[in-house]
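Below are the chains, spelled out letter by letter.
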Amino acid sequence: MGGYGGQVLHATRETPRLLAVIDVGSHAVRLVIAEAPGDNSWRVLESFWNPVTLGNDIFSRGVVRHSSLATVVTILQQYREVLSSWKISEPCVVASSTLAGASNAETCIERIESATGFRLNLLEPADEALAILRACLRGEEATRLATGTTWLLVARSGLTQSVVLKDGVIMLYGAHDDGALRFSRNFDLPESDLERVLPFVLSQPVQSIKSWCGIEQIDRCVAVSEDISGLLDRVRDTTGVSHDLTADKFGELRKFVLACPQEEMASRWGLDGNRAVTIRIGLLVIGMLFEQSGAGRIIFPPIHLTSAVVDALVRTEGGFPDLLRDGFEGEILEGAHAIGRKFKYDEAHARECERIAGLLYDQLAQSFQPRERLLVRVAAILHDIGMYIGSKGHHRYSAELVAASDILGLSACEVQEVSWTVRFHRKGLPGGTAIGYKAMDRSARLAVFRMAAILRLAVALSEPGLPRIEAISIRFGESAAILSVGLEGKRYEFLEIMRVLLNNKKQYFEHYFGTDLVLERLRTVDGP
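Here is what the cut-offs are and how they apply
- Residues numbered from 1 in each chain as written.
- Predicted model: local features only at pLDDT ≥ 70, side-chain atom pairs only at ≥ 80, totals over all residues.
- Heavy atoms only, no water.
- Salt bridge = Lys/Arg side-chain N within 4 Å of Asp/Glu carboxyl O.
- Helix = DSSP H or I, 4+ residues; strand = E, 2+ residues; numbered from the N terminus.
- Buried < 20%, exposed > 50% of the residue type's maximum accessible area, 1.4 Å probe, protein only.
- Pairing = 2+ DSSP bridges.
- Contact = heavy atoms within 4.5 Å.
- pLDDT = per-residue confidence, 0-100.
- Core = buried A, V, L, I, M, F, W, Y, C linked by side-chain atoms within 4.5 Å.
- Axes fitted to C-alpha atoms, helices over the stretch in contact; angles between N-to-C directions.
- Parallel < 35°, antiparallel > 145°, perpendicular 65-115°, else oblique.
- Left-handed = near helix turned anticlockwise from the far one by under 90°.
- Nonpolar A, V, L, I, M, F, W, Y, C, P; charged D, E, K, R; others polar.

If you walk through the whole model with that rule in mind, you get 22 salt bridges. In this structure, the salt-bridge partner of Glu-347 is Arg-351, at a minimum N-O distance of 2.9 Å. Of this pair, Glu-347 and Arg-351 both sit in helix α14 (residues 347-364), separated by four residues, roughly a single helical turn. You can call Arg-351 partly exposed: its relative accessible area is 31%. One salt bridge in this structure joins Arg-371 and Glu-414, with 3.7 Å as the shortest N-O distance. Highlighted residues: Arg-371 in the loop between α14 and α15 (372-382) and Glu-414 in helix α17 (residues 412-423), separated in sequence by 43 residues.

Given below as C-alpha coordinates:
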(Lines give C-alpha, C1' and ligand atoms only; values in the text may rest on other atoms or scores of the structure.)
Protein backbone atom coordinates (compact mmCIF):
# COMPACT_ATOMS: atom_id res chain seq x y z
CA MET A 1 0.00 0.00 0.00
CA GLY A 2 1.02 3.57 -0.58
CA GLY A 3 2.06 5.74 2.31
CA TYR A 4 1.75 9.24 0.90
CA GLY A 5 -0.08 11.89 2.91
CA GLY A 6 0.68 10.76 6.43
CA GLN A 7 3.39 10.44 9.01
CA VAL A 8 3.91 7.26 11.01
CA LEU A 9 4.57 8.04 14.67
CA HIS A 10 6.06 5.48 17.04
CA ALA A 11 3.48 5.07 19.77
CA THR A 12 2.21 2.36 22.06
CA ARG A 13 -1.11 0.78 21.25
CA GLU A 14 -2.42 1.19 24.79
CA THR A 15 -3.93 4.55 23.88
CA PRO A 16 -6.91 6.28 25.52
CA ARG A 17 -8.88 6.29 22.30
CA LEU A 18 -8.11 5.17 18.78
CA LEU A 19 -10.02 6.51 15.80
CA ALA A 20 -9.94 5.57 12.14
CA VAL A 21 -11.38 7.36 9.13
CA ILE A 22 -11.47 6.02 5.58
CA ASP A 23 -12.20 8.51 2.81
CA VAL A 24 -13.18 7.11 -0.59
CA GLY A 25 -12.47 10.02 -2.90
CA SER A 26 -12.58 10.65 -6.62
CA HIS A 27 -8.91 9.88 -7.26
CA ALA A 28 -7.69 8.31 -4.01
CA VAL A 29 -8.74 6.23 -1.03
CA ARG A 30 -7.22 7.33 2.24
CA LEU A 31 -6.99 5.81 5.72
CA VAL A 32 -6.04 7.80 8.81
CA ILE A 33 -5.58 6.20 12.22
CA ALA A 34 -5.40 8.73 15.04
CA GLU A 35 -4.93 8.83 18.77
CA ALA A 36 -7.16 11.12 20.88
CA PRO A 37 -6.02 11.58 24.50
CA GLY A 38 -9.33 13.16 25.58
CA ASP A 39 -8.62 16.90 25.48
CA ASN A 40 -9.97 17.53 21.95
CA SER A 41 -6.48 17.12 20.53
CA TRP A 42 -5.34 14.25 18.32
CA ARG A 43 -2.36 13.06 16.35
CA VAL A 44 -1.92 10.79 13.37
CA LEU A 45 -0.43 7.40 14.19
CA GLU A 46 -0.54 5.95 10.70
CA SER A 47 -2.00 6.90 7.34
CA PHE A 48 -2.22 5.50 3.83
CA TRP A 49 -3.06 6.99 0.44
CA ASN A 50 -3.85 4.86 -2.62
CA PRO A 51 -4.83 6.12 -6.10
CA VAL A 52 -8.11 5.15 -7.77
CA THR A 53 -9.93 6.25 -10.92
CA LEU A 54 -13.48 6.80 -9.67
CA GLY A 55 -13.50 10.44 -10.74
CA ASN A 56 -12.30 9.62 -14.25
CA ASP A 57 -15.14 7.13 -14.63
CA ILE A 58 -17.87 9.34 -13.21
CA PHE A 59 -16.93 12.55 -15.04
CA SER A 60 -16.40 10.84 -18.40
CA ARG A 61 -18.87 7.94 -18.34
CA GLY A 62 -21.35 8.69 -15.55
CA VAL A 63 -20.79 5.26 -13.99
CA VAL A 64 -18.10 3.51 -11.94
CA ARG A 65 -16.53 0.74 -14.01
CA HIS A 66 -16.21 -2.78 -12.63
CA SER A 67 -12.39 -2.61 -12.72
CA SER A 68 -12.33 0.68 -10.78
CA LEU A 69 -14.69 -0.67 -8.13
CA ALA A 70 -12.59 -3.84 -7.84
CA THR A 71 -9.54 -1.67 -7.12
CA VAL A 72 -11.42 0.18 -4.36
CA VAL A 73 -12.55 -3.12 -2.83
CA THR A 74 -8.99 -4.48 -2.84
CA ILE A 75 -7.68 -1.35 -1.12
CA LEU A 76 -10.43 -1.46 1.51
CA GLN A 77 -9.74 -5.14 2.20
CA GLN A 78 -6.09 -4.23 2.81
CA TYR A 79 -7.21 -1.40 5.09
CA ARG A 80 -9.34 -3.91 7.03
CA GLU A 81 -6.16 -5.86 7.80
CA VAL A 82 -4.40 -2.70 8.98
CA LEU A 83 -7.34 -1.85 11.23
CA SER A 84 -7.31 -5.36 12.69
CA SER A 85 -3.68 -4.91 13.68
CA TRP A 86 -4.73 -1.81 15.63
CA LYS A 87 -7.77 -3.66 17.05
CA ILE A 88 -10.13 -1.11 15.47
CA SER A 89 -13.36 -2.76 14.32
CA GLU A 90 -15.60 0.22 13.51
CA PRO A 91 -13.91 2.95 11.46
CA CYS A 92 -15.83 5.91 10.09
CA VAL A 93 -16.02 5.32 6.33
CA VAL A 94 -17.03 8.23 4.13
CA ALA A 95 -17.34 8.67 0.38
CA SER A 96 -17.00 12.05 -1.27
CA SER A 97 -19.92 13.71 -3.00
CA THR A 98 -18.37 12.73 -6.35
CA LEU A 99 -19.62 9.16 -5.93
CA ALA A 100 -23.21 10.40 -5.69
CA GLY A 101 -22.89 11.53 -9.31
CA ALA A 102 -22.52 7.96 -10.55
CA SER A 103 -25.69 6.32 -11.86
CA ASN A 104 -24.64 3.11 -10.11
CA ALA A 105 -23.68 4.76 -6.78
CA GLU A 106 -26.08 2.67 -4.66
CA THR A 107 -24.88 -0.52 -6.33
CA CYS A 108 -21.27 0.43 -5.59
CA ILE A 109 -22.05 1.09 -1.94
CA GLU A 110 -23.79 -2.28 -1.55
CA ARG A 111 -21.00 -4.18 -3.33
CA ILE A 112 -18.36 -2.51 -1.14
CA GLU A 113 -20.29 -3.40 2.01
CA SER A 114 -20.77 -6.99 0.87
CA ALA A 115 -17.07 -7.45 0.04
CA THR A 116 -15.50 -5.55 2.95
CA GLY A 117 -18.09 -5.08 5.69
CA PHE A 118 -17.65 -1.30 5.41
CA ARG A 119 -20.84 0.75 5.06
CA LEU A 120 -20.07 4.03 3.30
CA ASN A 121 -21.51 7.29 4.57
CA LEU A 122 -22.12 9.16 1.33
CA LEU A 123 -21.24 12.79 1.95
CA GLU A 124 -23.07 15.63 0.30
CA PRO A 125 -21.25 18.84 -0.71
CA ALA A 126 -22.67 20.74 2.27
CA ASP A 127 -21.34 18.02 4.62
CA GLU A 128 -17.85 18.35 3.13
CA ALA A 129 -17.86 22.14 3.37
CA LEU A 130 -19.09 22.09 6.98
CA ALA A 131 -16.42 19.55 7.97
CA ILE A 132 -13.70 21.71 6.43
CA LEU A 133 -15.08 24.91 7.99
CA ARG A 134 -15.20 23.21 11.40
CA ALA A 135 -11.56 22.20 11.09
CA CYS A 136 -10.53 25.72 10.02
CA LEU A 137 -12.42 27.39 12.86
CA ARG A 138 -10.87 24.97 15.38
CA GLY A 139 -7.35 25.27 14.00
CA GLU A 140 -4.72 27.91 13.42
CA GLU A 141 -6.83 29.49 10.65
CA ALA A 142 -9.43 30.61 13.23
CA THR A 143 -7.72 33.96 13.83
CA ARG A 144 -7.60 34.74 10.13
CA LEU A 145 -11.26 33.85 9.64
CA ALA A 146 -12.34 36.06 12.55
CA THR A 147 -11.30 39.37 10.98
CA GLY A 148 -11.86 41.00 7.62
CA THR A 149 -13.41 39.26 4.61
CA THR A 150 -12.25 35.74 3.90
CA TRP A 151 -13.14 33.54 0.95
CA LEU A 152 -12.80 29.89 1.97
CA LEU A 153 -12.36 27.79 -1.18
CA VAL A 154 -12.83 24.05 -0.73
CA ALA A 155 -11.24 22.70 -3.92
CA ARG A 156 -12.33 19.13 -4.58
CA SER A 157 -11.88 17.10 -7.74
CA GLY A 158 -15.52 17.38 -8.75
CA LEU A 159 -16.52 20.79 -7.48
CA THR A 160 -15.33 23.93 -5.76
CA GLN A 161 -17.25 25.16 -2.72
CA SER A 162 -17.23 28.70 -1.39
CA VAL A 163 -17.82 30.00 2.12
CA VAL A 164 -17.47 33.76 2.50
CA LEU A 165 -17.00 35.10 6.03
CA LYS A 166 -16.94 38.70 7.16
CA ASP A 167 -15.47 39.17 10.63
CA GLY A 168 -16.18 35.51 11.32
CA VAL A 169 -19.85 35.62 10.24
CA ILE A 170 -20.95 33.51 7.28
CA MET A 171 -22.11 35.71 4.42
CA LEU A 172 -22.45 33.12 1.67
CA TYR A 173 -22.19 29.42 0.92
CA GLY A 174 -22.31 27.92 -2.55
CA ALA A 175 -21.05 25.01 -4.64
CA HIS A 176 -19.86 25.18 -8.24
CA ASP A 177 -19.17 22.34 -10.69
CA ASP A 178 -15.66 23.54 -11.47
CA GLY A 179 -13.49 20.94 -9.77
CA ALA A 180 -10.11 20.25 -11.35
CA LEU A 181 -10.76 16.66 -12.40
CA ARG A 182 -14.23 17.50 -13.73
CA PHE A 183 -12.71 20.32 -15.81
CA SER A 184 -10.09 17.99 -17.26
CA ARG A 185 -12.81 15.56 -18.42
CA ASN A 186 -15.51 18.04 -19.47
CA PHE A 187 -13.12 20.35 -21.36
CA ASP A 188 -11.02 17.87 -23.28
CA LEU A 189 -8.56 20.56 -24.35
CA PRO A 190 -4.81 21.08 -24.26
CA GLU A 191 -3.72 22.93 -21.15
CA SER A 192 -2.87 26.10 -23.07
CA ASP A 193 -6.37 26.23 -24.58
CA LEU A 194 -7.98 25.44 -21.23
CA GLU A 195 -6.12 28.37 -19.67
CA ARG A 196 -7.72 30.68 -22.24
CA VAL A 197 -11.22 29.24 -21.66
CA LEU A 198 -11.22 29.32 -17.85
CA PRO A 199 -11.55 33.12 -17.39
CA PHE A 200 -14.89 33.03 -19.22
CA VAL A 201 -16.11 30.08 -17.14
CA LEU A 202 -14.93 31.36 -13.75
CA SER A 203 -15.74 35.09 -13.90
CA GLN A 204 -19.38 34.72 -12.83
CA PRO A 205 -18.79 33.10 -9.39
CA VAL A 206 -16.52 35.93 -8.19
CA GLN A 207 -18.84 38.67 -9.45
CA SER A 208 -21.83 36.92 -7.87
CA ILE A 209 -20.07 36.52 -4.52
CA LYS A 210 -19.25 40.21 -4.26
CA SER A 211 -22.73 41.22 -5.39
CA TRP A 212 -24.62 38.86 -3.08
CA CYS A 213 -22.48 39.69 -0.05
CA GLY A 214 -22.45 43.42 -0.74
CA ILE A 215 -18.66 43.56 -0.48
CA GLU A 216 -16.10 45.29 -2.64
CA GLN A 217 -12.92 43.79 -1.22
CA ILE A 218 -11.92 40.24 -0.31
CA ASP A 219 -8.96 40.37 2.07
CA ARG A 220 -7.72 36.81 1.74
CA CYS A 221 -8.44 33.43 0.23
CA VAL A 222 -8.09 30.24 2.24
CA ALA A 223 -7.84 27.39 -0.28
CA VAL A 224 -8.30 23.86 1.04
CA SER A 225 -6.77 21.44 -1.46
CA GLU A 226 -5.01 18.31 -0.27
CA ASP A 227 -3.25 17.90 -3.61
CA ILE A 228 -1.89 21.44 -3.84
CA SER A 229 -0.96 21.59 -0.14
CA GLY A 230 0.98 18.34 -0.56
CA LEU A 231 2.74 19.70 -3.63
CA LEU A 232 3.68 22.92 -1.83
CA ASP A 233 5.15 20.83 0.98
CA ARG A 234 7.39 19.16 -1.57
CA VAL A 235 8.31 22.30 -3.48
CA ARG A 236 9.03 24.28 -0.32
CA ASP A 237 10.53 21.31 1.60
CA THR A 238 8.06 21.48 4.48
CA THR A 239 5.65 19.03 6.13
CA GLY A 240 2.12 19.71 7.35
CA VAL A 241 2.38 23.51 7.58
CA SER A 242 0.09 26.28 6.49
CA HIS A 243 1.37 27.99 3.34
CA ASP A 244 0.61 31.74 3.62
CA LEU A 245 1.51 33.37 0.31
CA THR A 246 1.28 36.83 -1.13
CA ALA A 247 -0.32 37.20 -4.55
CA ASP A 248 3.13 37.66 -6.13
CA LYS A 249 4.67 34.66 -4.36
CA PHE A 250 1.77 32.39 -5.30
CA GLY A 251 2.00 33.60 -8.88
CA GLU A 252 5.68 32.67 -8.97
CA LEU A 253 5.09 29.21 -7.51
CA ARG A 254 2.17 28.57 -9.83
CA LYS A 255 4.22 29.60 -12.85
CA PHE A 256 7.13 27.44 -11.70
CA VAL A 257 4.99 24.31 -11.29
CA LEU A 258 3.07 24.76 -14.53
CA ALA A 259 6.36 25.20 -16.41
CA CYS A 260 7.35 21.66 -15.40
CA PRO A 261 6.22 19.01 -17.91
CA GLN A 262 3.89 16.39 -16.50
CA GLU A 263 6.56 13.71 -16.75
CA GLU A 264 9.01 15.84 -14.78
CA MET A 265 6.42 16.32 -12.02
CA ALA A 266 6.37 12.53 -11.61
CA SER A 267 10.14 12.20 -11.31
CA ARG A 268 10.67 15.38 -9.31
CA TRP A 269 7.83 15.19 -6.80
CA GLY A 270 6.59 11.61 -7.05
CA LEU A 271 3.24 12.45 -8.66
CA ASP A 272 1.49 9.95 -10.90
CA GLY A 273 0.01 11.18 -14.18
CA ASN A 274 -3.59 11.45 -12.98
CA ARG A 275 -2.59 13.38 -9.87
CA ALA A 276 -0.27 15.67 -11.79
CA VAL A 277 -3.13 16.59 -14.17
CA THR A 278 -5.46 17.29 -11.23
CA ILE A 279 -2.86 19.51 -9.55
CA ARG A 280 -2.09 21.46 -12.73
CA ILE A 281 -5.74 22.18 -13.46
CA GLY A 282 -6.37 22.90 -9.77
CA LEU A 283 -3.62 25.51 -9.85
CA LEU A 284 -5.20 27.07 -12.95
CA VAL A 285 -8.69 27.14 -11.39
CA ILE A 286 -7.66 28.38 -7.94
CA GLY A 287 -5.15 30.81 -9.43
CA MET A 288 -7.76 32.45 -11.64
CA LEU A 289 -10.38 32.62 -8.89
CA PHE A 290 -7.79 34.15 -6.56
CA GLU A 291 -6.71 36.66 -9.19
CA GLN A 292 -10.28 37.73 -9.90
CA SER A 293 -11.05 38.06 -6.18
CA GLY A 294 -8.47 40.82 -5.82
CA ALA A 295 -7.35 39.39 -2.47
CA GLY A 296 -3.83 40.15 -1.30
CA ARG A 297 -2.99 36.75 0.21
CA ILE A 298 -3.83 33.11 -0.29
CA ILE A 299 -3.39 30.48 2.42
CA PHE A 300 -3.24 26.71 1.91
CA PRO A 301 -3.81 25.12 5.35
CA PRO A 302 -2.74 21.52 6.12
CA ILE A 303 -6.39 20.43 6.18
CA HIS A 304 -8.16 17.84 4.06
CA LEU A 305 -11.52 16.11 4.31
CA THR A 306 -10.19 13.05 6.12
CA SER A 307 -8.49 15.09 8.84
CA ALA A 308 -11.60 17.28 9.16
CA VAL A 309 -13.74 14.21 9.80
CA VAL A 310 -11.22 12.92 12.37
CA ASP A 311 -11.37 16.30 14.12
CA ALA A 312 -15.18 16.15 14.24
CA LEU A 313 -15.09 12.60 15.67
CA VAL A 314 -12.64 13.66 18.37
CA ARG A 315 -14.71 16.63 19.48
CA THR A 316 -18.23 15.20 19.26
CA GLU A 317 -20.31 12.11 19.77
CA GLY A 318 -23.26 10.76 17.83
CA GLY A 319 -24.09 9.46 14.41
CA PHE A 320 -22.72 10.63 11.10
CA PRO A 321 -23.18 13.20 9.57
CA ASP A 322 -25.03 14.80 12.54
CA LEU A 323 -21.76 14.91 14.47
CA LEU A 324 -20.51 17.55 12.01
CA ARG A 325 -23.22 19.91 13.25
CA ASP A 326 -22.60 19.49 16.94
CA GLY A 327 -21.50 22.83 18.33
CA PHE A 328 -21.88 24.48 14.92
CA GLU A 329 -25.62 25.06 14.79
CA GLY A 330 -24.96 28.79 15.08
CA GLU A 331 -22.80 28.79 11.94
CA ILE A 332 -25.47 26.83 10.04
CA LEU A 333 -28.15 29.30 11.11
CA GLU A 334 -25.95 32.22 10.08
CA GLY A 335 -25.59 30.55 6.70
CA ALA A 336 -29.38 30.59 6.43
CA HIS A 337 -29.44 34.27 7.41
CA ALA A 338 -26.92 34.90 4.61
CA ILE A 339 -29.47 33.46 2.17
CA GLY A 340 -32.13 35.68 3.70
CA ARG A 341 -29.98 38.78 3.22
CA LYS A 342 -29.46 37.81 -0.39
CA PHE A 343 -33.23 38.04 -0.89
CA LYS A 344 -33.67 41.24 1.17
CA TYR A 345 -35.61 39.58 4.00
CA ASP A 346 -36.84 41.29 7.16
CA GLU A 347 -33.95 40.24 9.40
CA ALA A 348 -35.48 41.41 12.68
CA HIS A 349 -38.67 39.43 12.06
CA ALA A 350 -36.74 36.38 10.85
CA ARG A 351 -34.53 36.31 13.95
CA GLU A 352 -37.51 36.70 16.28
CA CYS A 353 -39.43 33.98 14.44
CA GLU A 354 -36.38 31.71 14.67
CA ARG A 355 -36.07 32.34 18.41
CA ILE A 356 -39.74 31.59 19.10
CA ALA A 357 -39.61 28.46 16.91
CA GLY A 358 -36.77 27.23 19.12
CA LEU A 359 -38.75 27.95 22.30
CA LEU A 360 -41.79 26.10 20.95
CA TYR A 361 -39.67 23.13 19.89
CA ASP A 362 -38.15 22.89 23.37
CA GLN A 363 -41.64 22.55 24.83
CA LEU A 364 -42.56 19.80 22.37
CA ALA A 365 -39.15 18.13 21.95
CA GLN A 366 -40.30 14.64 22.92
CA SER A 367 -42.66 14.63 19.94
CA PHE A 368 -39.88 15.56 17.50
CA GLN A 369 -36.56 14.25 16.20
CA PRO A 370 -33.51 16.13 17.58
CA ARG A 371 -32.39 17.28 14.12
CA GLU A 372 -35.74 19.03 13.60
CA ARG A 373 -34.87 21.76 16.09
CA LEU A 374 -32.26 23.03 13.64
CA LEU A 375 -34.42 22.48 10.55
CA VAL A 376 -37.46 24.33 11.88
CA ARG A 377 -35.28 27.28 12.89
CA VAL A 378 -33.79 27.39 9.38
CA ALA A 379 -37.35 27.34 8.01
CA ALA A 380 -38.29 30.19 10.36
CA ILE A 381 -35.39 32.27 9.04
CA LEU A 382 -36.30 31.71 5.39
CA HIS A 383 -40.10 31.54 5.46
CA ASP A 384 -40.62 35.01 3.95
CA ILE A 385 -37.77 35.23 1.40
CA GLY A 386 -40.34 34.80 -1.37
CA MET A 387 -41.40 38.39 -0.69
CA TYR A 388 -38.38 39.25 -2.84
CA ILE A 389 -40.46 38.08 -5.81
CA GLY A 390 -43.93 39.17 -4.67
CA SER A 391 -46.24 39.13 -1.66
CA LYS A 392 -49.09 37.24 -3.33
CA GLY A 393 -48.36 33.54 -2.99
CA HIS A 394 -45.01 34.32 -1.41
CA HIS A 395 -45.04 31.02 0.53
CA ARG A 396 -44.67 29.21 -2.80
CA TYR A 397 -41.88 31.54 -3.93
CA SER A 398 -40.12 31.10 -0.58
CA ALA A 399 -40.29 27.32 -0.91
CA GLU A 400 -38.90 27.41 -4.45
CA LEU A 401 -36.02 29.67 -3.44
CA VAL A 402 -35.17 27.43 -0.47
CA ALA A 403 -35.28 24.32 -2.67
CA ALA A 404 -32.84 25.97 -5.10
CA SER A 405 -30.41 27.08 -2.37
CA ASP A 406 -27.26 25.49 -1.00
CA ILE A 407 -27.63 25.49 2.80
CA LEU A 408 -24.40 24.81 4.65
CA GLY A 409 -24.68 21.70 6.81
CA LEU A 410 -28.01 20.43 5.43
CA SER A 411 -28.41 17.46 3.13
CA ALA A 412 -30.47 17.64 -0.06
CA CYS A 413 -33.28 15.74 1.65
CA GLU A 414 -33.24 18.13 4.59
CA VAL A 415 -33.32 21.13 2.28
CA GLN A 416 -36.40 19.58 0.69
CA GLU A 417 -38.01 19.18 4.12
CA VAL A 418 -37.24 22.79 4.99
CA SER A 419 -38.65 23.89 1.64
CA TRP A 420 -41.99 22.17 2.24
CA THR A 421 -42.10 23.41 5.83
CA VAL A 422 -41.71 26.94 4.48
CA ARG A 423 -44.38 26.26 1.86
CA PHE A 424 -46.90 25.38 4.59
CA HIS A 425 -46.25 28.38 6.84
CA ARG A 426 -49.49 29.89 5.53
CA LYS A 427 -52.74 28.86 3.81
CA GLY A 428 -54.53 25.57 4.52
CA LEU A 429 -53.61 21.94 4.84
CA PRO A 430 -51.66 20.25 1.99
CA GLY A 431 -53.85 20.10 -1.09
CA GLY A 432 -53.72 18.79 -4.63
CA THR A 433 -50.84 21.09 -5.65
CA ALA A 434 -48.48 19.63 -3.01
CA ILE A 435 -47.42 16.80 -5.31
CA GLY A 436 -43.78 16.75 -4.23
CA TYR A 437 -44.81 16.63 -0.58
CA LYS A 438 -47.07 13.65 -1.16
CA ALA A 439 -44.27 11.88 -3.02
CA MET A 440 -42.01 12.02 0.06
CA ASP A 441 -41.82 8.99 2.33
CA ARG A 442 -44.09 8.87 5.36
CA SER A 443 -41.46 9.82 7.94
CA ALA A 444 -40.42 12.90 5.93
CA ARG A 445 -44.05 14.00 5.48
CA LEU A 446 -44.67 13.71 9.21
CA ALA A 447 -41.51 15.68 9.95
CA VAL A 448 -42.62 18.45 7.60
CA PHE A 449 -46.14 18.53 9.05
CA ARG A 450 -45.03 18.84 12.68
CA MET A 451 -42.32 21.39 11.81
CA ALA A 452 -44.90 23.40 9.88
CA ALA A 453 -47.13 23.28 12.98
CA ILE A 454 -44.37 24.96 15.01
CA LEU A 455 -43.42 27.40 12.25
CA ARG A 456 -47.00 28.63 11.84
CA LEU A 457 -47.28 29.35 15.57
CA ALA A 458 -43.90 31.08 15.57
CA VAL A 459 -44.92 33.26 12.61
CA ALA A 460 -48.09 34.36 14.42
CA LEU A 461 -46.31 35.08 17.70
CA SER A 462 -43.48 37.05 16.07
CA GLU A 463 -45.57 39.49 14.05
CA PRO A 464 -43.99 42.97 14.04
CA GLY A 465 -45.57 45.24 16.61
CA LEU A 466 -46.26 42.54 19.18
CA PRO A 467 -44.44 42.65 22.52
CA ARG A 468 -41.46 40.33 22.82
CA ILE A 469 -42.20 36.90 24.23
CA GLU A 470 -39.86 36.17 27.13
CA ALA A 471 -41.06 32.69 28.04
CA ILE A 472 -43.31 29.96 26.63
CA SER A 473 -44.97 26.95 28.22
CA ILE A 474 -47.12 24.26 26.60
CA ARG A 475 -49.06 21.73 28.64
CA PHE A 476 -51.62 19.25 27.42
CA GLY A 477 -54.90 19.05 29.34
CA GLU A 478 -57.88 16.77 28.90
CA SER A 479 -59.72 19.05 26.49
CA ALA A 480 -57.00 21.34 25.08
CA ALA A 481 -53.32 22.17 24.90
CA ILE A 482 -52.56 25.36 26.81
CA LEU A 483 -49.96 27.66 25.23
CA SER A 484 -48.88 30.15 27.89
CA VAL A 485 -46.70 33.14 27.07
CA GLY A 486 -44.82 35.60 29.23
CA LEU A 487 -44.66 39.03 27.57
CA GLU A 488 -42.01 41.68 28.01
CA GLY A 489 -43.21 44.46 30.28
CA LYS A 490 -46.32 42.39 31.16
CA ARG A 491 -48.09 43.90 28.14
CA TYR A 492 -50.95 41.42 28.23
CA GLU A 493 -53.34 43.84 26.58
CA PHE A 494 -51.93 42.36 23.35
CA LEU A 495 -53.08 38.86 24.30
CA GLU A 496 -56.40 39.13 22.45
CA ILE A 497 -54.65 40.28 19.25
CA MET A 498 -52.28 37.34 19.58
CA ARG A 499 -55.26 34.97 19.94
CA VAL A 500 -56.72 36.29 16.68
CA LEU A 501 -53.39 35.82 14.89
CA LEU A 502 -52.98 32.36 16.38
CA ASN A 503 -56.45 31.25 15.29
CA ASN A 504 -55.31 31.59 11.67
CA LYS A 505 -52.16 29.52 12.26
CA LYS A 506 -53.00 26.74 14.75
CA GLN A 507 -54.69 24.35 12.30
CA TYR A 508 -51.60 22.18 11.73
CA PHE A 509 -50.88 21.95 15.46
CA GLU A 510 -54.42 20.87 16.26
CA HIS A 511 -54.44 18.28 13.45
CA TYR A 512 -51.07 16.80 14.45
CA PHE A 513 -51.69 16.64 18.20
CA GLY A 514 -55.43 15.99 17.97
CA THR A 515 -56.46 18.68 20.42
CA ASP A 516 -57.53 22.31 20.56
CA LEU A 517 -54.91 24.98 21.29
CA VAL A 518 -55.70 27.77 23.74
CA LEU A 519 -53.51 30.85 24.36
CA GLU A 520 -53.11 32.15 27.91
CA ARG A 521 -50.79 34.42 29.86
CA LEU A 522 -47.98 32.68 31.68
CA ARG A 523 -48.60 32.47 35.42
CA THR A 524 -45.51 32.55 37.65
CA VAL A 525 -44.88 31.83 41.31
CA ASP A 526 -44.17 35.53 41.83
CA GLY A 527 -47.66 36.60 40.87
CA PRO A 528 -50.14 36.90 38.00
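Before going further, it helps to spend a moment on the pairing of strand β9 (residues 220-224). Where burial is concerned, most of β9 is hidden: five out of the five residues are buried. Taking every second residue as pointing to the same face, both faces of β9 are buried, with Arg-220, Val-222 and Val-224 on one and Cys-221 and Ala-223 on the other. The pairing of strand β6 (residues 149-155) with β9 spans five bridges and is parallel. Residue pairing in the sheet places Val-154 in a bridge with Val-224 of β9. In this structure, β9 lies alongside strand β11 (residues 297-300), joined through three bridges in parallel fashion. In the strand pairing of β11, Val-222 is matched with Ile-299.

Here Arg-450 shows up in helix α19 (residues 442-461). Taking the relative accessible area as the measure of exposure, Arg-450 reaches 8% and is therefore buried. With near-sequence residues (within four places) excluded, Arg-450 lies in contact with Ser-367, Phe-368, Gln-369, Glu-372 and Tyr-512.

With that out of the way, let us pick up the confidence of the model for the protein chain. Within the protein chain, residue pLDDT values average 87, and 90% of them lie at 70 or more. Counting contacts from residues 2-15, a segment whose pLDDT is below 50, to residues more than four positions away or on other chains yields 30 contacts.

What follows is about the nonpolar core. Ranked by size, the top nonpolar core spans 104 residues in total, and within it Leu-360, Val-378, Leu-382, Leu-410 and Leu-483 carry the most contacts. The dominant element in this core, judged by the number of residues it contributes, is α19, at 14 residues. For Leu-382, the residues in contact, after removing those within four places along its chain, are Ala-336, Ile-339, Gly-340, Ser-398, Val-402, Ile-407 and Val-422. Counting residues in each nonpolar core, the second largest holds 37 residues, with Ile-209, Ile-215, Leu-253 and Val-285 among its members.

Attention now goes to the packing of α15 against α17. For the pair α15 and α17, the least separation of the axes is 9 Å and the interaxial angle reads 50 degrees. Viewed along their axes, α15 and α17 adopt a mutual orientation that is oblique. Crossing geometry of α15 relative to α17 is assigned as right-handed. Contact residues: α15 offers Leu-375, Val-378, Ala-379 and Leu-382, while α17 offers Glu-414, Glu-417, Val-418, Thr-421 and Val-422.

You will see that Asn-40, though not glycine, has its phi angle at about 70 degrees, which is positive. With respect to the helices and strands, the residue Asn-40 is situated in the loop between β2 (28-35) and β3 (43-51). For Asn-40, a relative accessible area of 38% corresponds to the partly exposed category. Located in the positive-phi region is Asp-167, a residue other than glycine, with phi close to 50 degrees. Its location among the elements puts Asp-167 in the loop between β7 (160-166) and β8 (169-176).

Interaxial distance between α14 and α19 falls to 8 Å at its minimum, and their mutual angle equals 130 degrees. Our classification of the angle between α14 and α19 gives oblique. By crossing handedness, the relation of α14 to α19 is classed as right-handed. For the pair α14 and α19, the contacting residues are His-349, Cys-353, Ile-356, Ala-357, Leu-360, Tyr-361 and Leu-364 in the first and Ile-454, Leu-455, Leu-457, Ala-458, Val-459 and Leu-461 in the second. For the contact of α14 with α19, the per-class residue count stands at 12 nonpolar, one polar and no charged.

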